[in-house]
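Chains, contacts and geometry: an overview
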Amino acid sequence: MGHSISEKRKYAVINTEQAKNIVRQYLEDQLFDLQDISFGLPEIFDRYHVWNVPVLYKKEAIGEIVVNAYTKDIDTKLSSDLRVLNCRRDKIDTGKTVSVKKYKKKKEKYKISALNNMLLKGRSEKVLTQLPEQSIDMIFTSPPYYNARKQYSEYDTYDDYLALLRKVIKECRRVLIDGKFFIMNSSHVLIPRTSRSESSSRIAVPFDIHQIFMEEGFEFIDDIIWEKPEGAGWASGRGRRFSADRNLMQYKAVPVTEYVMVYRKKPAILIDHFIRNHPDPAIIRDSKIADGYEKTNVWHISPARDKRHPAVFPKELAEKVIQYYSFKNDVILDPFGGIGTTAKAAVNLNRRFVSIECSDEYIQYSKEELNAANNLIHPFQYEFKDYSKLPDDIENTEYDLHELIRVLKRMDIPKEEITQLIIKTYQDKLAEYKEHIYEHF
Ligand SMILES: C[S@@+](CC[C@H](N)C(=O)[O-])C[C@H]1O[C@@H](n2cnc3c(N)ncnc32)[C@H](O)[C@@H]1O
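Quick look at the structure, then. (Residues numbered from 1 in each chain as written. Predicted model: local features only at pLDDT ≥ 70, side-chain atom pairs only at ≥ 80, totals over all residues. Heavy atoms only, no water.)

Per the stated rule, a full pass over the model turns up 23 salt bridges. Between Arg166 and Glu216 there is a salt bridge; the shortest N-O distance is 2.8 Å. Placement of the pair is Arg166 in helix α5 (residues 158–175) and Glu216 in the loop between α6 (205–215) and β10 (218–227), with a sequence separation of 50 residues. In this structure, Arg308 and Asp306 form a salt bridge, with 3.0 Å as the shortest nitrogen-oxygen distance. According to the relative accessible area criterion, Arg308 is partly exposed, its value standing at 23%. The exposure class assigned to Asp306 is partly exposed, which follows from its relative accessible area of 21%. Salt bridges linked by common partners bring Arg166, Lys170, Glu215 and Glu216 together as one network. (Salt bridge = Lys/Arg side-chain N within 4 Å of Asp/Glu carboxyl O. Helix = DSSP H or I, 4+ residues; strand = E, 2+ residues; numbered from the N terminus. Buried < 20%, exposed > 50% of the residue type's maximum accessible area, 1.4 Å probe, protein only.)

Structure representation (C-alpha cells):
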C-alpha cells in the first residue's frame, strides 16, 4: 500500500527500505551506537507526508524516527529524542531507569541554509511541506484577515480560521532553525453591528494566535505595539458615537495599534551560539544595529496603502523586524507574502527570501515588485515555483493521536491528565490504539 501512495504523491522516499536507510544514516551521523539496532516496519502517514520508522534494540522497540517523505529530512520534532533512545537501551541492558538528563545533548553546529531566493505560489499549509526542515532563519508575516461576515469570508467559522493558522505555524516551526525568531503582525477584528439594535463586537485575534504559538513549541519574547497616527483609527468607526454623545460606558477607544508579536522556536539556544559560532565574523559585524533604533516596545510607523492589495504592511515595519532579528545573508520567510513586501525588504537588507502566496494576482504583483527591485536595489536572482496543484491531505486519526500526546507532553501536563483526555477523545478506538499510547510513556 505504501508503494502506491508514495507514487501517487510523488514522494522522494518511496519504500520502506529507503526510509530505513535514511534513518540508519541519520543515526550514524549523530554518532548513535548502531550495535544491536534494527528497524521495525516503516509506516507512511501520508496526511503529513512522513515515514515513521520504529527503532528496535535487541528486537525491542525503543522509539521512532520520522522522515519527511518529500525532502528525506528527519523531522526531529516528531522523532524520539536520541537521549531517550539511549536511556531505553540502557534500561534493556541493565534493568535500571536512568534520568534522560544524564545523557548529554550533542553540541549544536551552526546551521547555514542552502536555500535560494524563492517566490512560491500555493497555499502555505501545503507549500511549506516542500521546504526542508530547519532551512529558514527568520519568519515575518501578517496572516489573512478573519472576516466575520460569512459572505466575505473563506472560513466557515473562527475555529476553522484558527485551525489554518495552527497548521501554518506548525509547519513554520519545522522549517525554522532551532532557537530562531518568528514575528507575527496581527490585530483585533472588529465585527460591525448588523442592525441598529445591536452593538459591534471584537475578536481578540492576536491573543488566540498567542495561545497557538505557546502550544506549538515557541517561547514568547516580546509584544511590540505598532502605533499609527490618530487619524488612521477613525476609519474603523469605533469611538465616533462616544465622541458625539459622551455618555458614560459608551466609551470606545479608537484603535490605532496593531501587535507585532515576537516568538522564538524552542529548544532555546543561547543567542550567543549564533554570534560566536557564525562561520563569517564579518557578517556579524556588518549586521550590527546602528544608533536610532527603536528602544521601547511602541513603534510609531504610518500605515501603508496600496491600490493593488487591501492589507499590505509598511516596508519600514518589515525592515525593522528583519534588521533586529536576522543576520545578513539569512533566509527570511513570509508564509502569507501578499505582494512581496517582506521579500523586498529582505533583498534591500542583503538577506535571502522565501515568499509564499496563494493568489495568482498577488503573485504577479510580487514578480513586478521583485523585478523592479532587481533594477533599483541590486541585481539578484529568484526562483518561481507553482505549488498550487499539491494534493489535499487525507485524514489520519492515528497520526493525530501521536501529535496530541506530544503536544500535551510538551505542555508539561501530568501523565494521568493526558491519559484521561485520550480516553475521552478516542473512546471507540482505544483498544486499537493501545500500543501507540503505551509507546509514549
Ligand atoms: C495580510 S495579507 C499579507 C500582505 C503582505 N504583508 C504584504 O505586505 O503584501 C495576507 C495574504 O495572505 C494570502 N493568503 C491567505 N491565505 C493563504 C494561504 N493559505 N496560503 C498562502 N497565502 C494565503 C492572501 O492572499 C493575502 O495576500
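That shown, we press on.
It is worth spelling out the site of the ligand at this point. The immediate surroundings of the ligand are formed by 20 residues, with Ser124, His309, Ile339, Thr341 and Glu357 found nearest. Ile339 places a polar main-chain atom, nitrogen or oxygen, 2.9 Å from an oxygen atom of the ligand. Considered on its own, the ligand offers 600 Å² of accessible surface; in the complex 94% of this is hidden by protein. Within the shell around the ligand, the residues separate by chemical class into 10 nonpolar, 7 polar and 3 charged. (Near = heavy atom within 4 Å. Polar contact = N/O pair within 3.5 Å; in protein donor to acceptor, adjacent residues only side chain to side chain. Areas by Shrake-Rupley, 256 points an atom, 1.4 Å probe, with all protein chains shown as cover. Nonpolar A, V, L, I, M, F, W, Y, C, P; charged D, E, K, R; others polar.)

Right, let's get into α6. Residues separated by three or four positions in an α-helix point in the same direction, a consequence of the helix having 3.6 residues per turn. Among the residues of α6, Val205, Pro206, Ile209, Ile212, Phe213 and Glu215 are the ones counted as buried. After α6 finishes, the residue Gly217 shows a positive phi value of roughly 90°.

The subject of this paragraph is the side chain of Asp137. Take Asp137: it is sitting in strand β6 (residues 136–141). Within the local environment of Asp137, its side chain forms a polar contact with the side chain of Lys180, the two groups lying 2.9 Å apart. Side-chain polar atoms of Asp137 contact the backbone nitrogen of Val331, separated by 2.7 Å. With residues near it in sequence (within four places) discarded, Asp137 still touches Ser113, Leu176, Ile177, Lys180, Phe181, Asp330 and Val331. (Contact = heavy atoms within 4.5 Å.)

So, on to the packing of aromatic side chains. This structure, assessed with the given rule, holds 19 aromatic pairs. Centre to centre, the rings of Phe182 and Phe213 are 4.9 Å apart; their planes meet at 85°, and the pair counts as edge-to-face. Here Phe182 is found in strand β7 (residues 176–186), whereas its partner Phe213 is found in helix α6, with 31 residues between them in sequence. The same class applies to Phe182 as to Phe213, namely buried. With centroids separated by 5.6 Å and ring planes inclined at 90°, the aromatic side chains of Trp299 and Tyr324 adopt a geometry described as edge-to-face. With Trp299 in strand β12 (residues 298–300) and Tyr324 in helix α11 (residues 315–325), the pair connects residues that are 25 residues apart, well separated along the chain. A relative accessible area of 2% places Trp299 in the buried class. Connected via pairs of aromatic rings, a cluster forms that spans Phe182, Phe213, Phe218, Phe220 and Tyr263. Sitting over the ring of Tyr57, Arg89 keeps its end group 5.4 Å from the ring centre. (Phe/Tyr/Trp six-rings, centres within 6.5 Å; stacked < 30°, edge-to-face > 60°. Lys NZ or Arg CZ within 6 Å of the ring centre and 35° of its normal.)

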